[in-house]
Each structure stands twice: as C-alpha cells, then as structure tokens.
Amino acid sequence: EAPVPKMLVPRLLRRAVLTVPLIFLVALLLMEPVRADQEAGTAIPAESRPCVDCHAFEFMQRALQDLKKTAYNLDTRVRKHLTFIYLFNLEGNAVD
C-alpha cells in the first residue's frame, strides 16, 4: 500500500465535515412535510383505547383543587394584611 500523504488526511476530514451536514440539509429540504390532517400510524378501535375523557376529567379535578388551594392561600394572606392595616390605622388614629 502507498502511504497517505500528511496533507491529504486533514483535507479529507475537512471535506467530510462540510459534506455530511450538507447531505442532511438537502435530505430535510427534499422530505415532504407531514400535514395535520394525516393520521399517524393505524387507527385503534375506541373499545381498546383508554378513556381519554376520564383522564382529562381527572386532570381538571386536580387543576381545580390546586386553584382552590391557591385561592384559599391568597384569601388568607389578604385577610392577614387587611387586619394588619386595620390595626395599624387604629393605633395611628388613636386620640390621647
């Protein structure tokens, strides 16, 4: 075998580094985009699918519970601050 010249290896490596991404870019441009109305895979009969409505209902229940907790915490904080402001005003407006 003939030895590979020292300058040939970096040039081939540089050409490969530039060519491979170019091939991927061309492949991506040539691919047909997937439309939203296309179905992915095969259709699963409704009898064998999990209850999507049930999962959505459970999710909404958890979200509602989180909202109730947040509302309660905000209400408690507002009441605490209003009480503080009321007491502060009572002390500031007291006539000696």
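Before reading further, recall that the structure is shown in the block above.
Sequence order as written defines the numbering, with residues in each chain counted from 1. This being a predicted model, a pLDDT of at least 70 is required before a residue's local features are given, and a value of 80 or more before pairs of side-chain atoms are given or counted; all residues contribute to the totals for chains, interfaces and linings. For side-chain calculations, the full set of non-hydrogen atoms in the structure is used, while hydrogens and water are omitted.

1. Thoughts on the overall build of the chain
Now for step 1: Secondary structure follows DSSP: runs of H or I at least 4 residues long count as helices, runs of E at least 2 residues long count as strands, and numbering of each begins at the N terminus. A tally of helices and strands in the chain yields two helices and zero strands.
Now for step 2: For every residue, the accessible area (1.4 Å probe, protein chains only) is compared with the maximum for its type, and the residue is labelled buried under 20%, exposed over 50%, or partly exposed between those bounds. Among the 96 residues that make up the chain, the fraction classed as buried is 0%.
Now for step 3: Carbon and sulfur atoms form 67% of the exposed surface of the chain, whose accessible area is close to 10000 Å². Here the Shrake-Rupley method, with its probe set to 1.4 Å, supplies the accessible areas, and only the displayed protein chains count as covering residues.

2. Let's talk about the pattern of salt bridges
Now for step 1: Here, a salt bridge means any side-chain nitrogen of Lys or Arg that lies within 4 Å of a carboxyl oxygen of Asp or Glu. Under the criterion given, the structure shown has one salt bridge.
Now for step 2: A salt bridge links Asp75 to Arg79; its shortest N-O distance comes to 3.1 Å. One end of the pair is Asp75 and the other is Arg79, both in helix H2 (residues 52-92) and four residues apart, which spans about a single turn.
Now for step 3: What makes Asp75 partly exposed here is its relative accessible area of 35%.

3. Some remarks on the packing of aromatic side chains
Now for step 1: Note on ring pairs: Phe, Tyr and Trp rings are taken, using the six-membered ring of Trp, and paired if centres are within 6.5 Å. Classes follow the plane angle, with under 30 degrees stacked, over 60 edge-to-face and the rest tilted. According to the stated counting rule, one finds one aromatic pair in the structure shown.
Now for step 2: With a centroid separation of 6.4 Å and 25° between ring planes, the pair formed by Phe84 and Phe88 is classed as stacked. Of this pair, Phe84 and Phe88 are both found in helix H2, four residues apart, which corresponds to roughly one turn of the helix. Assigned by exposure class, Phe84 and Phe88 land together as exposed.

4. Overview of a nonpolar patch on the surface
Now for step 1: A contiguous nonpolar surface patch, about 540 Å² in accessible area, is contributed by Leu22, Leu25, Val26, Leu29 and Leu30.
Now for step 2: Among the secondary structure elements, Leu22 is positioned in helix H1 (residues 8-30).
Now for step 3: Accessibility expressed as a relative area gives 51% for Leu22, which makes it exposed. Like-charged residues within 9 Å of one another, or nonpolar side chains (Val, Leu, Ile, Met, Phe, Trp, Tyr) within 5 Å, are grouped into patches, provided each residue has over 30% relative accessible area and no salt bridge.

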